[in-house]
Amino acid sequence: MADFDYDLFVIGAGSGGVRASRVSAAYGAKVAVAEEYRVGGTCVIRGCVPKKLLVYGAHFAEDLADARRFGWQVPECAFDWATLRDHVMAEVDRIETVYGQTLENNKVEVIRERATVTGPHSVALSGGRTVTAKHILIATGATPMVPTFPGSEHGITSNEVFGLPALPKRVVIAGGGYIANEFAGIFHEFGCRVTVVNRGDTILRGYDAQIRDRLLQISMSKGIDFRFNCTFESVEKRDDGTLVIRTAGDDPIEADMLLFATGRKPLTEGLGLETAGVVIDGNGAIKVDADNRTTCDSVYAVGDVTNRIQLTPVAIREGQAFADTVFGNKPRRVDYNNVPAAVFSHPPMAGVGLTESQARERLGSVKVFTSDFRAMKNVLAGRNERALYKMVVHPETDVVLGIHMIGPEAPEILQAAAVAVKAGLTKQAFDDTVALHPSMAEELVLMR
Ligand code: FAD
């Protein structure tokens, strides 16, 4: 230890970096973490947390309309973006402070500077200092990818979307992944005219086909426009601020905001990784082994920068496993099977385990059970929006391989069901469980 300034130097105070720093320090390591932007990282500052709060805010549009069918005399309501934005930002500030305090309480030194690697045990700080550490952990996350074409600089990304000065009337969203679909739902509920422009021919590639088709159908029936197989040619900004967005072979779209949700790439550029012999793959992701160790023995990496599964709970688990293994004398590896995930669209989707097509590819044949129903609340509200639950089951062992759903509260319901899938329970175990009535979740034990 005497030879190094720190036992552990962490670059990036996001989901993975904060967990690794805090737990390593609790094991007695001398730890510093460098953060160039804000403590909390993408999830807290400009990802999961503010996004979910906007989803809640947006859903009131439907709740207020539905309330009338339940007897509430709701007067004409108007939405004020600035109020929601400022409350969300204040909540983000609060969580950021809590994260900072947690690090301090655990005696982690927080250095609010950019850090770059200058060797297997040394890190340069943007303030000019160079420090040494026995171990370095890279937890720099990922950054939005923006396509380049004439005028693409007029678009914004999820980094900027939470702080919009005013609510745009017409929104174009580029992309077909979860972030694109979540923001399409959010802005649509706020009353914006939303067009989703997708390079491919499907949204949410990798999700269960029936579930994502249901989302597409509901989104379209609500009035969200989708353009598929559509590539950008140019964006022109008029004097009045209107963006004229030209795509190949389609009419131009006029919009007030263009949001790129076209993927995220690991943040490794300019990090100095080559000075320590840390190898990255073709996508810029740091190559690590099952213990999060890079090609340099003293350098580790966790979270989005390794591009395994880009989700906060995964980054946190990797940070925890790193600390337990390296400083806690409790070797631990992350199990990437049956990681649940959600899309906080309107209505939301959630899934765990194999999709039907993945299971068919692996096993040839599978048993599939579905429940296609209208939630009781939607029926009374006169909302013609059907939920769909789907269970993918091993044809011989009866083990549930995957559950996928779309409908109100799907992520809340799926988290509990994911325990059963992770535990390897059979369809019979679901059948043996008595329904909790009346609920939407009871459909999980009533699929025949
Ligand atoms: P990050 O949280 O990104 O943290 C990396 C940190 O490193 C950042 O604070 C950055 O400023 C800092 N940094 C980078 N380079 C340097 C440097 N050289 N020196 C110092 N500091 C540096 N995941 C979910 O599980 N659920 C969701 O609902 C969800 N929604 C999302 C919505 C959006 C709009 C986005 C963009 C992401 C969302 N995610 C969600 C993904 C989630 O935010 C990430 O998976 C998670 O934050 C990854 O954690 P991380 O520790 O790898 O990196």
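What you see as residue numbers is a count from 1 along each chain, following the sequence as written. Totals for whole chains, interfaces and linings use every residue, but because this is a predicted model, local features are given only for residues with pLDDT of at least 70 and side-chain atom pairs only at 80 or more, for both listing and counting. Hydrogens and waters are ignored; side-chain quantities use all the structure's heavy atoms.

Approximately 520 Å³ is the volume attributed to the second largest pocket. Lining the second largest pocket are 24 residues, and of these His59, Asp63, Pro348, Pro408 and Glu409 lie nearest its centre. The element that contributes the greatest number of residues to the lining of the second largest pocket is helix H3 (residues 48–69), accounting for eight residues. Here the lining of the second largest pocket is built from residues that sort into eleven nonpolar, four polar and nine charged. Delimitation of the domains relies on an automatic or database domain assignment. Each of two domains, domain 1 (6–144 + 265–326) and domain 3 (347–445), supplies a minimum of three residues to the lining of the second largest pocket. Cavities and pockets were defined on a 1 Å grid built from protein atoms only: a cavity is a group of points that admits a 1.4 Å probe but offers it no way out, a pocket is an open group of points flanked by protein on both sides within 12 Å along at least five of seven lines, and a lining residue is one with an atom within 4 Å of any such point. Grid points are joined across faces, edges and corners, and a volume is the space filled by probe spheres set on the points. Strands here are runs of E lasting at least two residues and helices are runs of H or I lasting at least four, both read from the DSSP assignment and numbered beginning at the N terminus. In this classification, Asp, Glu, Lys and Arg are treated as charged, Ala, Val, Leu, Ile, Met, Phe, Trp, Tyr, Cys and Pro as nonpolar, and every other residue, Gly included, as polar.

Turning our attention to the domain arrangement of the chain. When cut into domains, the chain gives domain 1 (6–144 + 265–326), domain 2 (152–262) and domain 3 (347–445). Centre-to-centre separation of domain 1 and domain 2, based on C-alpha positions: 27 Å. Taking both partners together, domain 1 and domain 2 bury about 1,600 Å²; carbon and sulfur atoms supply 66% of that area. The buried area of a pairing is the accessible area, by a 1.4 Å probe, that goes missing from both parts when the two are put together, added over both. Its largest share of buried area at the contact with domain 2, domain 1 owes to Arg46, Lys51 and Trp81, together 37% of the area lost on that side. Every case where a carboxyl oxygen of Asp or Glu lies within 4 Å of a side-chain nitrogen of Lys or Arg is listed as a salt bridge. Linking domain 1 with domain 2 are two salt bridges, by the criterion used here. With a shortest N-O distance of 2.8 Å, Glu62 and Lys222 are connected by a salt bridge. Counting of polar contacts relies on pairs of N or O atoms within 3.5 Å, with two restrictions inside protein: one atom must be capable of donating a hydrogen and the other of accepting it, and residues adjacent in sequence are counted only when both atoms are side-chain atoms. Linking domain 1 with domain 2 are six residue pairs in polar contact (both at pLDDT 80 or more), by the criterion used here. Ranked by residues supplied to the side of domain 1 that touches domain 2, first place goes to H3 with eight residues.

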